[in-house]
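Per-entry structural report
If you want the building blocks of each chain, they are given just below.
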Amino acid sequence: MTSTPLLQLSDISFERDDRLLFSAVNASVAAGDILQVSGDNGSGKTTLLKVIIGTLAPQSGDCLWRGTPVHQCALEYASELLYIGHQPGIKSTLTPEENLCWLQRLSLAEKSSHTIADALGKVGLVGYEDVPCHSLSAGQQRRVALARLYLSTVKLWILDEPFTAIDRQGVTQLEQCMQQHVSEGGAVILTTHQPLSIDGVKTLHLGAGHSKGEQ
Amino acid sequence: MSGGFTTILRRDLLLAMRRRGELANPLVFFLIVLTLVPLAVSPSPEQLAKIAPGIIWIMALLATLLSIDGLFQSDYRDGSLEQMIISPQPLWLIVLAKVLAHWLVTGLPLTLLSPLLGIMLSLPEAGYWPMVISLLVGTAALSLIGAIGAALTVALRRGGLLLSLVVTPLYMPVLVFGAGSVQRAVDGFSPDGPLLVVGALMALSLLLAPFACSGALKISMHG
């Protein structure tokens, strides 16, 4: 492998309704990195993640995937990306198993060694496989979405507030899961207000109209 | 590549089965209106026969228009649409699967129900085959065209009215030739000409709508 980082953000700025949300955001994420995007409410954390996954276009700047702008390697980038947003795409009338099934089939990545039942077991949803998601609690619904992490074989995880509605023991488990992923050469970008109890987390702070990165 | 298509088709049909009440909505609407026509207009078979082709086609159009609004709506709200857009599967195939699922649960049952309604409106015998064929092909075109409007208005809070305004003009040719084919058959002429035009419209929308939709969905996400 070369030393090219997996994902590089160069000089990204984003403007909405004539208001500069953030400008000149620079960051790089290499294999083995966890990047925590922090900032106040409304500082553009979610927007930055959407720029990274490509559903929002920045006013200026580029995202580079392994050194190539993402719009030039869209398919390759899309197949190595897992995104769990605020609205994680869990259909409330489907069961956890059916939800994970369709979400997994959309991906082109190779199958993980875990089965859907394994993944649901890991997030503590044994016995809920056949219950429609609307009768699960908010935390349990979140866990259904997070079970995708155990099924994924992709390199880059992008998680928007993954700890929302998750209990303390669940948070610990999730942190272990992320550590496992980066130790296998993956990378994670996440937003959270909670301090992480993982060593070596890079942070990117978004503030009013500017940003600064620190190690 | 076809993985995305079958996955979404199966998912949407499963979702439709889970919400059977909503599923029946357009059909019930179709049925109710057509039951009311003989009561309100006139029960005389001669008069009903005259307006039957037009009425059946207008109701099929409205039933499609009513249900197409929700095509992308719930997927947009719960984040599924985002997952589809960023997935490595081609978005136009996903859109095509969603439209096919929509047609299978609205257009197809509507078509199958139409002979029964033909009897209720005393449609002359010559009109039945053209009606079934024109509805079968025509409702598919209506679903495809409506999907473009649904994709354009998905991010708007009250997109329903705008959707009707965008889509209705595009529905006109399908309505004119669809109802026209039935009328011609009733009048004793060959319905082939208008039927072929309906087929052509459906082929054209099959070709263009998936791409137009995927473009419109990406624009909607930027908003």
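Computed from a predicted model, the values in this text were never measured in an experiment.

What follows is about the overall build of chain B. Helix and strand counts for chain B stand at 10 helices and 0 strands. Ordered by position in the sequence, the α and β elements of chain B form the string α-α-α-α-α-α-α-α-α-α. Taken over the C-alpha trace, chain B has a radius of gyration of 18 Å; the compact-globule value for 223 residues is 17 Å, and the two agree within 12%. Across its three principal axes, chain B shows a C-alpha extent of roughly 55 × 35 × 30 Å. Looking at chain B as a whole, 51% of its 223 residues are labelled buried. Pairs at least 24 apart in sequence give 80% of the contacts found in chain B among residues at least 6 apart. Carbon and sulfur atoms form 73% of the exposed surface of chain B, whose accessible area is close to 10,000 Å². Each charge sign in chain B was given a centre, from 12 positive and 10 negative side chains, and these centres are 9 Å apart.

Right, let's get into the pattern of salt bridges. A complete count under the given rule lists 11 salt bridges over all chains for this structure. For Lys91 of chain A, the salt bridge identified is with Asp78 of chain B, shortest N-O distance 3.0 Å. Taken as a pair, Lys91 of chain A in the loop between strand E6 (81–84) and helix H3 (96–106) and Asp78 of chain B in the loop between helix H4 (73–77) and helix H5 (80–86) lie in two separate chains rather than in one. Accessibility assignment for this pair places Lys91 of chain A and Asp78 of chain B in one class, buried. Salt-bridge contacts for Asp12 of chain B lead to Arg11 of chain B; the nearest nitrogen and oxygen are separated by 3.3 Å.

Counting from both sides, the interface comprises 26 residues of chain A and, opposite them, 26 residues of chain B. Together, the buried faces of chain A and chain B total about 2,300 Å²; carbon and sulfur atoms form 60% of this surface. Our enumeration of links across chain A and chain B arrives at 4 salt bridges. Residues Asp75 of chain B and Lys91 of chain A are paired through a salt bridge, measuring 2.6 Å at the closest nitrogen-oxygen approach.

Residue and element names in this part refer to chain A. Using the criterion set out here, one finds 3 aromatic pairs over all chains in the structure. Both rings, one in Trp65 and one in Tyr77, keep their centres 5.3 Å apart while their planes meet at 55°; by these two values the pair is tilted. In this pair, Trp65 is assigned in strand E4 (residues 60–65) and Tyr77 in helix H2 (residues 74–78), connecting sequence segments 12 residues apart. The two residues Trp65 and Tyr77 agree in class, both being buried.

The next point concerns helix H6 (residues 91–105) of chain B. Residue and element names in this part refer to chain B. For H6, which comprises 15 residues, the first-to-last C-alpha distance of 21 Å matches the rise-based estimate of 21 Å (1.5 Å per residue) to within 8%. Counting buried positions over the 15 residues of H6 gives 12, a clear majority of the element. By the burial criterion, the buried members of H6 are Leu91, Leu93, Ile94, Val95, Leu96, Ala97, Lys98, Val99, Ala101, His102, Trp103 and Val105.

Quick look at the nonpolar core now. Membership of the largest hydrophobic core comes to 97 residues, with the highest contact counts inside it found for Leu149, Trp157 and Met178 of chain A together with Phe72 and Leu217 of chain B. At 11 residues, helix H3 (residues 45–68) of chain B tops the list of elements feeding residues into this core. Ignoring any residue separated from it by four or fewer positions in sequence, one finds Trp157 of chain A in contact with Leu82, Leu149, Ser152, Cys177, Met178, His181, Ala187, Val188 and Ile189 of chain A. In this structure, Leu6, Ala27, Val70 and Tyr77 of chain A belong to the second largest nonpolar core, which totals 32 residues.

All names here are of chain B. Relative to the elements of secondary structure, Thr111 occurs in helix H7 (residues 107–120). Thr111 sits in the buried class, given a relative accessible area of 2%. At 2.8 Å, the side chain of Thr111 and the backbone oxygen of Gly107 are in polar contact. Excluding residues within four positions of it along the chain, Thr111 makes contact with Val132, Leu135, Leu136 and Thr139.

So, on to the environment of Leu125 of chain A. All names here are of chain A. Tracing the backbone shows Leu125 in the loop between helix H4 (116–122) and helix H5 (138–151). Taking the C-alpha atoms as reference points, Leu125 and Asp33, 92 residues apart in sequence, are found 29 Å from one another. In contact with Leu125, other than residues within four places in its own chain, are Leu120, Gln140, Arg143 and Val144.

Residue and element names in this part refer to chain A. Confidence along chain A averages 87 in pLDDT terms, with 95% of residues attaining 70 or more. Here strand E10 (residues 210–214) stands out as the least confident element of chain A, with mean pLDDT 48; strand E7 (residues 156–160) is the most confident, with 94. Contacts for the low-pLDDT stretch residues 211–215, under 50 throughout, to residues beyond four places or in other chains number 12 contacts.

Further remarks concern the packing of H6 of chain B against helix H8 (residues 128–153) of chain B. All names here are of chain B. Remark: H6 packs on H8, axes separated minimally by 10 Å, with the N-to-C direction vectors making an angle of 135°. Looking at the two axes, H6 sits oblique to H8. Crossing of H6 against H8: the hand is right-handed. When H6 is examined against H8, the residues Leu96, Val99, His102 and Trp103 are found in contact with a partner set consisting of Leu136, Thr139, Ala140, Ser143, Leu144 and Ala147.

Moving on, we come to the sheet that holds strand E2 (residues 19–29) of chain A. Residues and elements named next belong to chain A. With antiparallel pairing, 4 strands are arranged side by side in an open sheet as E2-E1-E4-E5. Every interior strand has two partners, whereas the edge strands, E2 and strand E5 (68–69), have only one. Where strand E1 (residues 7–16) and E2 come together, 7 bridges link them in antiparallel fashion. In the sheet register, Gln8 faces E2, and the bridge partner there is Ser28.

All names here are of chain A. Within the chain, Asp11 stands out as a residue other than glycine whose phi angle is a positive 55°. On the secondary structure map, Asp11 appears in strand E1. Classification of Asp11 by relative accessible area gives partly exposed; the value is 45%. Of note, Asp18 is a non-glycine position whose phi angle comes to about 65°, a positive value. By secondary structure assignment, the location of Asp18 is in the loop between E1 and E2.

Cut-offs applied
- Residues numbered from 1 in each chain as written.
- Chains lettered and ligands numbered in written order.
- Predicted model: local features only at pLDDT ≥ 70, side-chain atom pairs only at ≥ 80, totals over all residues.
- Heavy atoms only, no water.
- Helix = DSSP H or I, 4+ residues; strand = E, 2+ residues; numbered from the N terminus.
- Rg over C-alpha atoms; globule rule 2.2 N^0.38 Å.
- Buried < 20%, exposed > 50% of the residue type's maximum accessible area, 1.4 Å probe, protein only.
- Contact = heavy atoms within 4.5 Å.
- Areas by Shrake-Rupley, 256 points an atom, 1.4 Å probe, with all protein chains shown as cover.
- Lys, Arg positive; Asp, Glu negative; His and termini not counted.
- Charge placed at Lys NZ, Arg CZ, Asp CG, Glu CD.
- Salt bridge = Lys/Arg side-chain N within 4 Å of Asp/Glu carboxyl O.
- Buried area = accessible area lost by both parts, 1.4 Å probe.
- Phe/Tyr/Trp six-rings, centres within 6.5 Å; stacked < 30°, edge-to-face > 60°.
- Expected span 1.5 Å × (residues − 1).
- Core = buried A, V, L, I, M, F, W, Y, C linked by side-chain atoms within 4.5 Å.
- Polar contact = N/O pair within 3.5 Å; in protein donor to acceptor, adjacent residues only side chain to side chain.
- pLDDT = per-residue confidence, 0-100.
- Axes fitted to C-alpha atoms, helices over the stretch in contact; angles between N-to-C directions.
- Parallel < 35°, antiparallel > 145°, perpendicular 65-115°, else oblique.
- Left-handed = near helix turned anticlockwise from the far one by under 90°.
- Pairing = 2+ DSSP bridges.

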